[in-house]
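# Fold and geometry: a report
What follows is each chain in one-letter form.
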Amino acid sequence: MNERVLELDNVTMQFGGVVAVDSLSMYVDKGEIVALIGPNGAGKTTAFNVITGVYAPTNGNVKLRGKIIAQGHPTGKMKKLYAGTHIGEYSRLVSNTPDRITEMGVARTFQNIRLFKGMTVLENVLVARHMRLKAGLLSSALHLNLHEERRIRQETLDLLEMLGMEELANENATSLPYGKQRYLEIARALATEPRLLLLDEPAAGMNPQETDELSDFIRKIKEDFKLTVFLIEHHMNLVMDISDRIYVLDFGRLIADGTPEMVQSNPDVIAAYLGVDEE
Amino acid sequence: MLSTVLPYLLSGISVGGQYALIAIGYTMVYGILRLINFAHGDVFMVAGILMVYISSSGLPLYVTIPLVLVLTALIGFLIERMAYKPLRTAPRMSIMISAIGVSYTLQNLVLYITGGLNQFYPVIPFISESVTIFGATTRMVTVITPVLTLVLVILLVLLINHTKIGMAMRAVSKDFETSQLMGIKINSVISITFVIGSFLAGVGSILYFSNYTTVIQTSGAMPGLKAFVAAVFGGIGSIPGAVVGAFIIGICENLIKGLDIILLKAGITTQMLGLTTFSDAFTFALLIVILIVKPTGLFGEKTTDKV
Amino acid sequence: MMTKQVNPIQQPQKSVDSGKLWTALIIVLIYAGVFIAEQTIPATSMLFTVLKKGATYALVAVSMNLLNGFTGLFSLGQAGFMLIGAYTYGVLTIPVAQRASVYQYYNGGIVQFAMPIIPALILAGVFAAIFAFLVGLPVLRLKSDYLAIATLGFAEIIRSIFQWDKLGSLTNGSNMLRLFPTFNDFNIKNANGEVTLYLSTLVPFVIAGVCIALIVALIHSSYGRAFMSIRDDETAAEAMGINLARHKQYAFCISSFFAGIGGAMLAMYSNSVQAKSFTSAMTYEILLIVVIGGIGSVTGSCLSSFLFVACSEWWLRFMDQEQYIGTWKMPLLRNGFRLVVFSVIIMIVVLFFRQGIMGKRELPDLFRRKPKAAKGEMK
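These remarks concern the structure in this document. Note that this is a predicted model, so its numbers are computed, not measured.

Quick look at the overall build of chain B now. Secondary structure assignment for chain B yields eleven helices and four strands. Taking 307 residues into account, the globule formula puts the C-alpha radius of gyration at 19 Å, and chain B, at 20 Å, falls close to it. Dimensions of chain B, computed from C-alpha atoms along their principal axes, come out at roughly 65 × 50 × 35 Å. In chain B, buried positions account for 55% of the 307 residues. Within chain B, contacts between residues at least 6 apart in sequence are counted, and of these 74% link residues at least 24 apart. A total accessible area of about 12,900 Å² is found for chain B, and carbon and sulfur atoms account for 70% of it.

Okay, here's the thing in structure tokens:
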């Protein structure tokens, strides 16, 4: 029934002496909206970076639809630390560059907006279509794929229209207001034709009304594009409103998981958030 | 065998010391500004030209040499103030382009002043004298260079580790913004870095040109590039690294210059292979290998980019 | 929803684009002007030197801009790839009868055939691109300034290899390659050897023009957008599914392909090739041309190439000689003064006009009224 879209098994990410993510195991099923929360510095974005291939995990593996996409086994100095726990288990190392993982249907947005500064709104989204291009370098460079190029442009414009940004298509991306830039990042991610969408603090810097609009929007795109959504967020209203399940990280460790109600009443979570909660 | 290799080894050590004095300027500036100061090799060349012109005025050496060093330091200071300071907030590529522009300007200025002719470097008594070591005849400068280099490096390391300005330098190279917030006068730290770097390049130029006897506007380009490679090799930002790298490059380069003869005399080859052509190329091959195998160099610190 | 509905935004693009029309007209006029000038003005005029060298430099500058300005790869290997192009062209096209005199120290060399000009030009590009591919495998992983210094290093290595005595039967060692077809061979002559139709300037214009047009087409394709996304933000580009290694390699090889052709054109312009002239100073000069024109503007690179060449070969030449106004001797003017003036201009541009002549704008943009342009540039 429930297809397991994403699964992390015992994932550890260590930078020098700092363990940013510590033996994290979790999963996201098809069609779910799952949130990853935790205080600042809990290792949420690091977890995203491991899933999307920016970092190779120090230990553990990441599975996408049952297939291992990233796998680490301790090397060098780390070997001693992890010796014994997984001897021989990960003899083969799997690592994918972020573009390969995007190609497999995982798209993401960034916490600190990373739009292409020198390009227009339309071009920003068009870039995301590039990897699905059928034409090769030569026919594309010589503009022999006019038909395909026209189709891609039309699809991109339709996507922008859906977001109510069609009038801004030829504006410079960074001249948009902040909220619009966040939406543009989502549009760009959607254009890669993902099945799993990772949102890194999509509501950061938004006021309550904008946050409400965003939750409706996330639900809508989840239905329209048949997505599974995994998000990091600090706005608790948004998280509690849209998530099916929630994972809570603190200092790289998973301290709680479950439905919003369960997590809200968990004493560990309350302790971790005491005085940190922004609400 | 040894008698064949020794002259090349000696001149390698000597050239290595001269490269080291230039490399320190690169590595210090890179440590603080993250800038490859492409003009540094030309500052070194300008120091040579200054020596030619000032000594031709008939001043005694004990005036000429300090004057040249002070003026070289001043040039380094002015370059930083005029060409790099206005671009402090600009993208890194702009500052690098500015450095290339300064290099172009210095070379053209010297071309104009000298008319593009080779200038004969004044003979400095004592350091140009011949001396015989282990049966190999060489000049005094070959012996003086490594000693002087090491003395200057030790003084510099003491300065950096035990004085207030040294502490400020270390702080700025660790974290530019934070040290600014902590009240360190960034601009004076940067200026002092350029002054020290140029001063050492000036010392290097006296030793180098005493050995090579002529200066022309392009004389600084190659030693400059090689010193930079030495700095990268040793781990950019690290002073001991730059010195070690410079000696390694100087020695290897000179051994390659002599490789044909060494191989011939050792009976490994029967004819000249013309390998001398590759003495410059070797340095760059070394650079590329080190960048690929260990981009942080021998003594460099590892940094990770934050996403 | 995905069907063909008329989109409000696409309309202005589909209507006649005055910018493109004007651009096409200007380009046609330039070519016509070159052709007419060549038939009417004596061939010895400085104008033609400037136009020929300017066209060559324009191609080289645009190819460098593709890498530095559009893909954000700060490479300083341009001279090395030009050298490969120049040598490929020279080696392949020297007439068989002349080889004995060119390769006098190497028994006429080992290559004993001569190719027509155009295939040799293309091969010049291909060899440069192949070499770029090999160089790119290790160095393209490096970041900004390390990439710059590594490519600079490779250019120096190439220069050494081509001067190596042992390869002399191919490269003529440190001696010149000469007597290959040059721009002047494009002139059409009658039986008496008199020129009936001058084409020695138009043909380089056509070659450079075709190459630059191909680069522009590339920039406006999906691959061009991918290159620009790498320039703007590597991490985001990779997250959008752009394979960084492959696309950087594409940009690097394509840029080198055209640099190779540019090198071959430079050989044709200067009638001889010698490895020692392809120094890092040449790369710097081209980089400065790109900067003056505007990093990220093809039009800018072309304009500034012609300006640069015109100034250095022609307009500012007077500065290198003593000049008198009446009996008053103008001060400072002597050999090298031109380059000093030049350096000062370059430093002013680098420090105070960082956008260069064109910024990121192109020729068609100059004729378009952009109501929102002001807003975009506020940033």
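Structure's up, so let's keep going.
What follows is about the interface of chain B and chain C. Listed per partner, the contact involves 49 residues of chain B and 47 residues of chain C. Regarding the contact of chain B and chain C, the summed buried area is about 4,000 Å², with carbon and sulfur atoms giving 74% of it. Sorting the residues of chain B by area buried against chain C places B:I97, B:Y104 and B:Y112 first, and these three jointly supply 19% of that buried surface. Taken together, the links from chain B to chain C amount to zero salt bridges. Counting across the interface, chain B meets chain C through two residue pairs in polar contact (both at pLDDT 80 or more).

Right, let's get into the sheet that holds strand β6 (residues 106-108) of chain A. Residues and elements named next belong to chain A. Taken together, six strands build an open sheet; the order of strands is β6-β7-β8-β3-β9-β10 and the sheet is mixed. Each edge of the sheet is formed by a strand with only one pairing partner; in this case those strands are β6 and β10 (253-258). With strand direction ignored, the average angle separating the axes of adjacent strands in the sheet is 15°.

What follows concerns the environment of B:A73. All names here are of chain B. The residue A73 is located in helix α3 (residues 61-84) in this model. Sequence-wise, A73 and S198 are 125 residues apart; in three dimensions their C-alpha atoms are separated by 4.8 Å. In contact with A73, other than residues within four places in its own chain, are V195, S198 and F199.

Counting 274 residues, the largest nonpolar core has B:F38, B:Y84, C:L76 and C:Y89 as the members making the most contacts within it. Composition of this core by domain shows at least three residues from each of domain 1 (1-105 + 194-279) and domain 2 (115-193) of chain A. Every residue in contact with B:Y84, bar those within four places of it in the chain, is listed here: B:L35, B:N37, B:A39, B:I79, B:I95, B:S98, B:A99, B:V102 and B:F194. Core analysis: the second largest hydrophobic core is formed by 30 residues, A:A47, A:M104, A:L198 and A:F230 among them.

Looking now at the pattern of salt bridges. Under the criterion given, the structure shown has 26 salt bridges over all chains. A:E193 serves as the salt-bridge partner of A:R132, at 3.8 Å between the closest nitrogen and oxygen. Residue A:R132 is located in the loop between α4 (121-129) and α5 (137-141), and its partner A:E193 is located in the loop between α7 (178-190) and β7 (196-200); the two are separated by 61 residues in the primary sequence. Residues C:R231 and C:D232 are paired through a salt bridge, measuring 3.1 Å at the closest nitrogen-oxygen approach. Residues participating in the shared-partner salt-bridge network are A:R129, A:R132, A:E148, A:R151, A:E155 and A:E193.

For the rest of this paragraph, the subject is the sheet that holds strand β1 (residues 4-15) of chain A. Residues and elements named next belong to chain A. The sheet built from four strands is open, its strands ordered β2-β1-β4-β5 with antiparallel pairing. Lying at the two open borders of the sheet, with one neighbouring strand each, are β2 (18-29) and β5 (67-72). In this sheet, neighbouring strand axes are inclined to one another by 15° on average, regardless of whether the strands run parallel or antiparallel. The pairing of β1 with strand β4 (residues 59-64) spans five bridges and is classified as antiparallel. Following the sheet pairing, L8 is matched in β4 by V62.

Criteria and cut-off values
- Residues numbered from 1 in each chain as written.
- Chains lettered and ligands numbered in written order.
- Predicted model: local features only at pLDDT ≥ 70, side-chain atom pairs only at ≥ 80, totals over all residues.
- Heavy atoms only, no water.
- Helix = DSSP H or I, 4+ residues; strand = E, 2+ residues; numbered from the N terminus.
- Rg over C-alpha atoms; globule rule 2.2 N^0.38 Å.
- Buried < 20%, exposed > 50% of the residue type's maximum accessible area, 1.4 Å probe, protein only.
- Contact = heavy atoms within 4.5 Å.
- Areas by Shrake-Rupley, 256 points an atom, 1.4 Å probe, with all protein chains shown as cover.
- Buried area = accessible area lost by both parts, 1.4 Å probe.
- Salt bridge = Lys/Arg side-chain N within 4 Å of Asp/Glu carboxyl O.
- Polar contact = N/O pair within 3.5 Å; in protein donor to acceptor, adjacent residues only side chain to side chain.
- Pairing = 2+ DSSP bridges.
- Axes fitted to C-alpha atoms, helices over the stretch in contact; angles between N-to-C directions.
- Core = buried A, V, L, I, M, F, W, Y, C linked by side-chain atoms within 4.5 Å.
- Domains from an automatic or database assignment.

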